[in-house]
Amino acid sequence: MPEFMDVHRNMKGLTKEDLKAAHDADLAIQGEENVVFKSAWADPEAGVVYCLSEAPSADAVKRIHERTGHPADEVHPVPLAV
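Attention in this report is confined to the structure presented alongside it. Being a predicted model, the structure only gives us computed values, none of them experimental.

Digging into the sheet that holds strand S2 (residues 36-43)
Alright, step 1. Spatial ordering of the open sheet is given by S2-S3-S1-S4, a layout of four strands whose pairing is antiparallel. Each having just a single partner strand, S2 and strand S4 (74-77) make up the two edges of the open sheet. The mean inter-strand angle of the sheet, taken between neighbouring strand axes irrespective of direction, is 20 degrees.
Alright, step 2. Pairing of S2 with strand S3 (residues 48-54) involves seven bridges; the strand directions are antiparallel. What sits directly across from Ala40, in S3, is Cys51.
Alright, step 3. In this fold helix H1 (residues 16-29) packs onto S2 and S3, with an angle of close to 160 degrees to the strand it touches most, S2.
Alright, step 4. Packing against the sheet, helix H2 (residues 58-67) makes contact with strand S1 (3-8), S2, S3 and S4, and its axis sits at approximately 40 degrees to S1.

Reading guide: rules and limits
- Residues numbered from 1 in each chain as written.
- Predicted model: local features only at pLDDT ≥ 70, side-chain atom pairs only at ≥ 80, totals over all residues.
- Heavy atoms only, no water.
- Pairing = 2+ DSSP bridges.
- Helix = DSSP H or I, 4+ residues; strand = E, 2+ residues; numbered from the N terminus.
- Axes fitted to C-alpha atoms, helices over the stretch in contact; angles between N-to-C directions.
- Contact = heavy atoms within 4.5 Å.

Structure (structure tokens):
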């Protein structure tokens, strides 16, 4: 299944607990879109969050994030990784 990296902006001040709660919300419903969220990273000072997932499409990733209340500003395919 293809991998995607999504980006969330305007999340300054995010705590580790906030990031875990958002990631857990995604995990709770990811199966409804056949998405598998792998990891999430945050830079609270810059207000940026990154999530790596496997999904059938970028739209599936977007739908999960929208439903859990933190829509992605960008979703990028990851065609190559090392």
